[in-house]
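Okay, here's what each chain looks like letter by letter:
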Amino acid sequence: METPAEAQRPCAIYLLPTAPTQADLEIGYVTRGAQIVACNAARALAVGTHEAEHGLADRVTKAVKAAR
């Protein structure tokens, strides 16, 4: 199994400009919310892949032991 590329990328984070306006703050609030959702989805994908990998390894190990 291979870890999906989405799960390997670092999460993006919106940074405010040096002199933020009210619009920058509002854009930042919405953008960061979307980035948190995307980051959580990538994390869940990585965890799911990791668990599937270990589940597969466990099944192979049990099958090898049963075949002996």
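Residues numbered from 1 in each chain as written. Predicted model: local features only at pLDDT ≥ 70, side-chain atom pairs only at ≥ 80, totals over all residues. Heavy atoms only, no water.

Colleague: Please explain the overall build of the chain as it appears in this structure.
Modeller: A tally of regular secondary structure across the chain gives 2 helices and 0 strands. Against the compact-globule benchmark of 11 Å for 68 residues, the chain has a radius of gyration of 20 Å, which places it well outside the compact range. Structurally, the chain occupies a C-alpha span of about 70 × 15 × 10 Å along its principal axes. Relative to its 68 residues, the chain shows a buried fraction of 10%. Split by element, the accessible area of the chain, about 5500 Å² in all, is 62% carbon and sulfur. (Helix = DSSP H or I, 4+ residues; strand = E, 2+ residues; numbered from the N terminus. Rg over C-alpha atoms; globule rule 2.2 N^0.38 Å. Buried < 20%, exposed > 50% of the residue type's maximum accessible area, 1.4 Å probe, protein only. Areas by Shrake-Rupley, 256 points an atom, 1.4 Å probe, with all protein chains shown as cover.)

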